[in-house]
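# Residue-level structural notes
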Amino acid sequence: MPEYEFVDVYVPRGVSRKDATRLLTDHAEYGHWELHRLSLLRDGSRRVRLRRRIIRQARATW
């Protein structure tokens, strides 16, 4: 089963949809994050949870 690490990003109410998209695209493109969950809060802000897979290397035996 794959293991993931998570990061929460808070996008305030005044940020436009275009700017929020650009922010999340930059996280995905340069940090290899993918969207896990997006919550639209009652005040108009967004709470976004991103995840990326943890790749563990097997130790080499001599």
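Residues numbered from 1 in each chain as written. Predicted model: local features only at pLDDT ≥ 70, side-chain atom pairs only at ≥ 80, totals over all residues. Heavy atoms only, no water.

Where an unreviewed UniProt entry is consulted, the protein appears under the name DUF5703 family protein, with the organism given as Streptomyces cinereospinus.

## Observations concerning the side chain of S45
If you trace the backbone, S45 turns up in the loop between β2 (34-40) and β3 (46-54). On the basis of relative accessible area, S45 is assigned to the buried category, the value being 0%. Not counting the four nearest positions on each side in its chain, S45 is found in contact with Y10, V11, P12, R13, S39 and L40. (Helix = DSSP H or I, 4+ residues; strand = E, 2+ residues; numbered from the N terminus. Buried < 20%, exposed > 50% of the residue type's maximum accessible area, 1.4 Å probe, protein only. Contact = heavy atoms within 4.5 Å.)

## Considerations on the pattern of salt bridges
All chains considered together, the criterion is met by 5 salt bridges. When the shortest N-O distance is used, the salt bridge between R52 and E5 registers 2.9 Å. Taken together, the positions of R52 in strand β3 and E5 in strand β1 (residues 3-11) put the pair 47 residues apart, joining distant regions of the chain. Residue E5 is classed as partly exposed on the basis of its relative accessible area of 32%. A salt bridge links R22 to D19; the shortest N-O distance between them is 3.4 Å. Taken together, the residues span about one helical turn, with R22 and D19 both in helix α1 (residues 17-31) at a distance of 3 residues. (Salt bridge = Lys/Arg side-chain N within 4 Å of Asp/Glu carboxyl O.)

## Some remarks on the packing of aromatic side chains
Using the criterion set out here, one finds 0 aromatic pairs in the structure. The ring of F6 carries the charged tip of R49 above its face, separated from the ring centre by 5.2 Å. In this structure, R51 packs its charged tip against the face of Y4, placed 4.2 Å from the ring centre. (Phe/Tyr/Trp six-rings, centres within 6.5 Å; stacked < 30°, edge-to-face > 60°. Lys NZ or Arg CZ within 6 Å of the ring centre and 35° of its normal.)

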